[in-house]
There are 2 protein chains.
Amino acid sequence: MSRYLALRRAMLPTTVVDLAEQVAAAGYKVTGPRLAVLRAIAACAESSFSVHELEQWVQARGESPGVASIFRTVRLLCTLNLVERIHGIEDCHRYCLTNERHGHHLMCTQCGALERFNNCGMQPAIRHLERQTGFQITAHLVGLFGLCPNCVRAGAPSLPGRT
Amino acid sequence: MSRYLALRRAMLPTTVVDLAEQVAAAGYKVTGPRLAVLRAIAACAESSFSVHELEQWVQARGESPGVASIFRTVRLLCTLNLVERIHGIEDCHRYCLTNERHGHHLMCTQCGALERFNNCGMQPAIRHLERQTGFQITAHLVGLFGLCPNCVRAGAPSLPGRT
DNA sequence: AGTCTTGTTGATATATACTATCATTCACGT
DNA sequence: ACGTGAATGATAGTATATATCAACAAGACT
Ligand SMILES: [Mn+2]
Ligand SMILES: [Mn+2]
Ligand SMILES: [Zn+2]
Ligand SMILES: [Zn+2]
């Protein structure tokens, strides 16, 4: 544990400390701007976030990191498998903290609220398609979209969708 | 059927004529630039395509349509449900001709080859998640990725993936 | 076939998402 | 405390996509 991180550890949420320690363990420096991005991410930890939303979060607090550093930090966290990119329908690139287990997401099209799930039930279909098509399937992308309970109650309009 | 389209119908692939007739039926004009985009799309009808790939296709043939008109045509076809946007893992926005039935896609990460399938097997998981989370799920996005038989034979490298 | 009308085009500018460059700064091991 | 190399911010650049608008042409009408 570096002196810099130790000094700040007491006043940081555990999510931020966890992320910072993994960044340090991978040999990367825990800098002020990076910590600010980690705090922004931790504030969104329960749902999903875009780079633009992180940018607004840090700017609203007068923090330093510029756009480039926010992108760099998100990319670093992705390569460290601490954050993963998830796909929306229209608003394409969003991010969330990586789940420990293999998983997919269920996202509110109105507010970005996120639930995760692991059992997509696609393995039989995948094996069938491999036999049928000759493809070697190495990845699958599953995203569910709809309205979270809060947005349902608020009467938010739902996107027309396929089921 | 307009005179302009009738004149050219004989020398056009059926896919292009089908698309052009639906464009006309919706009250839009069948112009030269639009026909060029339709021919480019028809050339990719069996797989997927990006706007950039369409651009290269028409430019390689010295056709007129500028980038703006290619984007406009693809967008028009999307609103007419003749073309749909599909999502990749990294290279995000690609397109393909719309399937008559509800469907998902299986795409080659190497060459863009596309297979479609309808039965993703997710309905039980979707119903379970609705009960469990209180979300109203209105859409689902399912994409499978891997190597097509040709690229497997050619020894193409596969993306590291989740299954 | 000629004319009219309105939808469409291409050039250009603009917007947004993201990356490359590079001089300056600062985290961290010593 | 110091030195070094990694990280930063400012800036410019690339890629994707859209807004504007004068010029054009598809299709309807005669
Ligand atoms: Mn799965
Ligand atoms: Mn389905
Ligand atoms: Zn919501
Ligand atoms: Zn292939």
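Residues numbered from 1 in each chain as written. Chains lettered and ligands numbered in written order. Predicted model: local features only at pLDDT ≥ 70, side-chain atom pairs only at ≥ 80, totals over all residues. Heavy atoms only, no water.

**Overview of the interface of chain A and chain B**
Defined as follows: Contacts were defined at the residue level, with two residues in contact if any of their heavy atoms lie within 4.5 Å. Note: buried area is the sum, over both parts, of the accessible area (probe 1.4 Å) each one loses when the two are combined. A pair is scored as a salt bridge if a Lys or Arg side-chain nitrogen falls within 4 Å of a carboxyl oxygen belonging to Asp or Glu. Here a polar contact means two N or O atoms within 3.5 Å. Within protein one must be a hydrogen donor candidate and the other an acceptor candidate, and residues neighboring in sequence count only if both atoms are side-chain atoms. Under the scheme used here, helices are H or I runs from DSSP no shorter than 4 residues and strands are E runs no shorter than 2 residues, and both carry numbers assigned from the N terminus. Residues are grouped as follows: Ala, Val, Leu, Ile, Met, Phe, Trp, Tyr, Cys and Pro are nonpolar; Asp, Glu, Lys and Arg are charged; every other residue, Gly included, is polar. Note: two strands are recorded as paired if DSSP finds a minimum of 2 bridges between them.
Every contact between the two is made by 48 residues of chain A and, on the other side, 48 residues of chain B. Summing the contributions of chain A and of chain B, the shared interface buries around 4200 Å²; its carbon and sulfur component is 60%. The interface formed by chain A and chain B holds 0 salt bridges in total. In this structure, the connection of chain A to chain B is made through 8 residue pairs in polar contact (both at pLDDT 80 or more). Secondary-structure elements contributing two or more residues to the side of chain A that touches chain B are strand 1 (83-87), strand 3 (104-108), strand 4 (114-117), helix 6 (123-133), strand 5 (136-147) and helix 7 (149-153) of chain A. With 12 residues, the single largest contributor to the side of chain A that touches chain B is strand 5 of chain A. Tallied by class, residues from the side of chain A that touches chain B come to 24 nonpolar, 19 polar and 5 charged. Summarising the sheet, strand 5 of chain A and strand 5 (residues 136-147) of chain B pair through 11 bridges and their orientation is antiparallel. Residue pairing across strands places Gln136(A) opposite Leu147(B), the latter belonging to strand 5 of chain B.

**What to know about the packing of aromatic side chains**
We apply this condition: Stacked, edge-to-face and tilted are the three classes for Phe, Tyr and Trp ring pairs, Trp counted by its six-membered ring, which pair at centre distances within 6.5 Å; planes under 30 degrees apart are stacked, over 60 edge-to-face, the rest tilted. A simple rule labels every residue: compare its accessible area, found with a 1.4 Å probe on the protein chains alone, to the largest value its type can have, and call it buried under 20%, exposed over 50%, or partly exposed in between. Note on geometry: a ring has a charge over it if NZ (lysine) or CZ (arginine) is within 6 Å of the ring centre and within 35 degrees of the ring normal.
Applying the stated criterion across every chain yields a total of 2 aromatic pairs over all chains. Ring centres 6.3 Å apart and planes at 25° place the aromatic pair Phe49(A) and Tyr95(A) in the stacked group. On the criterion of sequence distance, the pair formed by Phe49(A) in the loop between helix 3 (32-43) and helix 4 (51-60) and Tyr95(A) in strand 2 (residues 93-97) is long-range, its members being 46 residues apart. Side by side, Phe49(A) and Tyr95(A) carry an identical accessibility label, which is buried. Positioned over the ring face of Trp57(B) is Arg61(B), at 3.6 Å from the centre of the ring.

**A closer look at the domain arrangement of chain A**
Residues and elements named next belong to chain A. Condition: Those domain boundaries reflect an automatic or database domain assignment.
Examined at the domain level, chain A breaks down into domain 1 (1-98) and domain 2 (102-163). Once you take the C-alpha centre of each, domain 1 and domain 2 turn out to be 25 Å apart. If you look at the interface, domain 1 gives 12 residues, while domain 2 gives 8 residues. For the pairing of domain 1 and domain 2, the buried interface totals around 790 Å² over both sides, and the portion due to carbon and sulfur atoms is 65%. Contact with domain 2 buries surface across domain 1, with Ile86, His87 and Ile89 losing the most and accounting together for 46% of the total. The interface formed by domain 1 and domain 2 holds 0 salt bridges in total. For the pair domain 1 and domain 2, the interface holds 3 residue pairs in polar contact (both at pLDDT 80 or more). Put simply, the parts of the chain that give the side of domain 1 that touches domain 2 at least two residues each are strand 1 and strand 2.

**Quick look at the protein's contact with DNA strand C**
As a reminder of what qualifies: Here a residue is considered near a molecule or strand provided that any single heavy atom belonging to it is located within 4 Å of it.
Contacts to DNA strand C come from 19 residues, most closely from Tyr4(A), Val30(A), Arg34(B), Ser69(B) and Arg72(B). In DNA strand C, atoms within 4 Å of the protein come from the sugar-phosphate backbone in 76% of cases. Take Arg34(B): an N or O atom from its side chain is 2.7 Å from a phosphate oxygen of DNA strand C. Residue assignment for the surface near DNA strand C shows that the elements contributing at least two residues are helix 5 (67-79) of chain A together with helix 3 (32-43) and helix 5 (67-79) of chain B. Of the residues assigned to the surface near DNA strand C, the class counts are 6 nonpolar, 7 polar and 6 charged.

**Focus on the nonpolar core**
Applicable threshold: Each nonpolar core is a collection of buried residues, namely Ala, Val, Leu, Ile, Met, Phe, Trp, Tyr and Cys, held together in the definition by side-chain atoms within 4.5 Å.
Core analysis: the biggest nonpolar cluster contains 32 residues, and Phe117(A), Met122(A), Leu144(A), Phe117(B), Met122(B) and Leu144(B) have the highest contact counts within it. Sorting the residues of this core by element identifies strand 3, helix 6 and strand 5 of chain A together with strand 3 (104-108), helix 6 (123-133) and strand 5 of chain B as the ones contributing at least two each. The residues contacting Phe117(B), other than those within four sequence positions of it, are Met122(A), Leu129(A), Gly103(B), His104(B), His105(B), Leu106(B), Val142(B) and Leu144(B). In terms of nonpolar packing, the next biggest core, distinct from the first, is built from 29 residues, Leu5(A), Ala45(A), Phe49(A) and Val51(A) among them.

**Thoughts on unusual backbone geometry**
Notably, Asn81(A) is not glycine yet its phi reads approximately 60°, a positive angle. Residue position: Asn81(A) is located in the loop between helix 5 and strand 1.

**Focus on the protein's contact with DNA strand D**
Residues in close proximity to DNA strand D total 19 residues, the closest being Thr31(A), Ser69(A), Arg72(A), Tyr4(B) and Phe71(B). Near-protein atoms of DNA strand D (within 4 Å) split between backbone and bases, with sugar and phosphate holding 75%. Arg34(A) places a side-chain nitrogen or oxygen 3.0 Å from a phosphate oxygen of DNA strand D. Contact distances for DNA strand D include 3.2 Å between a phosphate oxygen and a side-chain N or O atom of His93(B). Those elements that provide at least two residues to the surface near DNA strand D are helix 3 and helix 5 of chain A together with helix 5 of chain B. Examining the composition of the surface near DNA strand D, we find that 3 residues originate from one element, helix 5 of chain B, more than from any other. Of the residues assigned to the surface near DNA strand D, the class counts are 6 nonpolar, 7 polar and 6 charged.

**Brief notes about the relation of the copies chain A and chain B**
Definition in use: The copies were overlaid with a least-squares fit restricted to C-alpha atoms from residues scoring a pLDDT of at least 70 in each copy.
Screw-axis analysis of chain A against chain B gives a translation of 0.1 Å along the axis, an RMSD of 0.1 Å, and a rotation angle of 180°. The operation mapping one copy onto its partner corresponds to a two-fold rotation axis. When each C-alpha of chain A is compared by its distance to the rotation axis, Val142(A) comes out closest, at 2.4 Å. The fraction of interface residues of chain A whose copies in chain B are also interface residues reaches 100%, indicating that both copies meet through the same surface.

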